[in-house]
Amino acid sequence: MIIAPSLLASNFLHLEAEAQMLNESEADWFHLDVMDGRFVNNISFGLPVIQQIRKTTKKILDVHLMIEEPEKYAEAFAKAGADILTVHYEACRHLHRNIQQIRELGMVPGVAINPHTPVQLLQDILQDVDLVLIMSVNPGFGGQRFIPHTYQKIKTLRNRIDQLGLQVKIEVDGGVDLSNAKALGEAGADVLVAGTAVFHAPAPKEVISSLKHCTD
Ligand code: DX5
Ligand code: ZN
């Protein structure tokens, strides 16, 4: 299992220490949630913050764009140090072109879907992405309750990916914690994002370790 703690729930006054904690932990990726106040009803952080975080770690920066017109900013995120760039299906009129652009910029492309978007709509883009991010809450805020229908979406998508013989990873984002991690892994998730469950815990590194080994 790949564990990607979401820095959205971290203490922004102590970002360097939070990054250091992740570096010392079994976390695989840093999950960075960028919001524009248009695609979602919230504004988080952007390029200058990601540039600084880049200096703190050699781990993979997994950037989740919850923004309109992500194609306008893809190059800037590449320069800021993003390794994975995930855009929303619902935000891209020319998703295929956007995905190609991300790859040409040297990043790994991902596509994210909101809770109401059927995984079946990814049929004609699955061949072109390395990652599908299934939102298990409505995007925009941390600390929301996990939507159980997500399990079915993961299973359906896992079957389709395996049928096609693809190597696409399934990432689950929103309301993930120790109570659902194992079931998510069994349903077919490869990557777990966790914000609140990690950063609001008294012992974040232990939570990361437990999430990491949830299906052992
Ligand atoms: C929500 C973000 C998530 C969020 C998850 O829009 O995409 O990555 O940080 O936070 P928790 O784990 O608290 O639901
Ligand atoms: Zn996210």
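Shown above is the structure to which this text applies.
A. Looking closely at the overall build of the protein chain. What the protein chain contains, in helices and strands, is eight helices and eight strands. Against the compact-globule benchmark of 17 Å for 216 residues, the protein chain has a radius of gyration of 16 Å, which places it among compact chains. Structurally, the protein chain occupies a C-alpha span of about 40 × 35 × 30 Å along its principal axes. Classification of the 216 residues of the protein chain by burial places 51% in the buried group. Restricting to contacts in the protein chain with at least 6 residues of sequence separation, those with at least 24 account for 65%. Considering the protein chain, the positive charge centre built from 19 side chains and the negative charge centre built from 26 side chains are found 2 Å apart.

B. Representation of the environment of Thr-86 within the structure. Summarising the element assignment, Thr-86 is placed in strand E4 (residues 84-88). According to the relative accessible area criterion, Thr-86 is buried, its value standing at 0%. When the C-alpha positions of Thr-86 and Ile-102 are compared, they lie 8.9 Å apart, and in sequence the two are 16 residues distant.

C. Spatial organisation of the pairing of strand E8 (residues 191-194). Of the two faces of E8, both are covered, the one formed by Val-191 and Val-193 as well as the one formed by Leu-192 and Ala-194. Across four bridges, the pairing between strand E1 (residues 2-5) and E8 is parallel. What sits directly across from Ile-2, in E8, is Val-191. Where strand E7 (residues 169-173) lies against E8, three bridges are found, and the strand directions are parallel. Opposite Glu-171, over in E8, you have Val-191 as the bridge partner. On the question of chirality, the crossover connecting E7 to the parallel E8 by way of helix H6 (residues 181-187) is right-handed.

D. Looking closely at the pattern of salt bridges. In this structure the tally under the stated criterion is nine salt bridges. The salt bridge involving Asp-83 is made with Arg-54; its shortest N-O contact spans 2.9 Å. Residue Asp-83 is located in the loop between helix H3 (74-80) and E4, and its partner Arg-54 is located in helix H2 (residues 47-56); the two are separated by 29 residues in the primary sequence. On the accessibility criterion, Arg-54 (21% relative accessible area) is partly exposed. For Arg-103, the salt bridge identified is with Asp-130, shortest N-O distance 2.6 Å. Of the two residues, Arg-103 sits in helix H4 (residues 95-104) while Asp-130 sits in the loop between strand E5 (108-113) and strand E6 (131-135), which places them 27 residues apart along the sequence. When salt bridges with common partners are traced through the structure, they connect Arg-158, Asp-162 and Asp-190 into a single cluster.

E. The arrangement of the coordination of the zinc ion (ligand 2) in detail. Around the zinc ion (ligand 2), the donor atoms from the protein are His-31 (NE2), Asp-33 (OD), His-64 (ND1) and Asp-173 (OD), and they sit 2.0 to 2.3 Å away. Taken together, the six donor atoms surrounding the zinc ion (ligand 2) define angles of 70 to 169° at the centre, an arrangement classified as octahedral. Under the relative-accessibility criterion, Asp-173 is labelled buried at 8%.

F. Here's a closer look at the site of ligand 1. Taken together, the neighbourhood of ligand 1 is formed by 20 residues, with Asp-33, Gly-140, Asp-173, Gly-195 and Thr-196 sitting nearest. For ligand 1, an oxygen atom lies 2.8 Å from a polar atom in the side chain of Ser-6. A distance of 2.8 Å separates an oxygen atom of ligand 1 from a polar atom in the backbone of Gly-143. Contact with the protein chains removes 99% of the 380 Å² of surface that ligand 1 exposes when unbound. Looking at the shell around ligand 1, the elements with two or more residues in it are strand E2 (29-35), strand E3 (60-66) and E8. Counting residues per element, the shell around ligand 1 draws most heavily on E2, which supplies three residues. Looking at the shell around ligand 1 residue by residue, the classes come out as eight nonpolar, 10 polar and two charged.

G. Seen up close, the nonpolar core. Ranked by internal contacts, the top residues of the largest apolar core, which has 59 residues, are Ile-50, Val-63, Leu-85 and Val-132. Within the second largest apolar cluster, seven residues are counted, among which are Ile-2, Leu-131, Val-191 and Val-193.

What counts as what
Residues numbered from 1 in each chain as written. Chains lettered and ligands numbered in written order. Predicted model: local features only at pLDDT ≥ 70, side-chain atom pairs only at ≥ 80, totals over all residues. Heavy atoms only, no water. Helix = DSSP H or I, 4+ residues; strand = E, 2+ residues; numbered from the N terminus. Rg over C-alpha atoms; globule rule 2.2 N^0.38 Å. Buried < 20%, exposed > 50% of the residue type's maximum accessible area, 1.4 Å probe, protein only. Contact = heavy atoms within 4.5 Å. Lys, Arg positive; Asp, Glu negative; His and termini not counted. Charge placed at Lys NZ, Arg CZ, Asp CG, Glu CD. Pairing = 2+ DSSP bridges. Right-handed = clockwise from strand over helix to strand, strands pointing away. Salt bridge = Lys/Arg side-chain N within 4 Å of Asp/Glu carboxyl O. Donors = N, O, S within 2.8 Å, 3.2 Å for Na, K, Ca; no water. Tetrahedral: all angles 85-135°; square planar, octahedral: opposite > 155°, others 65-115°. Near = heavy atom within 4 Å. Polar contact = N/O pair within 3.5 Å; in protein donor to acceptor, adjacent residues only side chain to side chain. Areas by Shrake-Rupley, 256 points an atom, 1.4 Å probe, with all protein chains shown as cover. Nonpolar A, V, L, I, M, F, W, Y, C, P; charged D, E, K, R; others polar. Core = buried A, V, L, I, M, F, W, Y, C linked by side-chain atoms within 4.5 Å.

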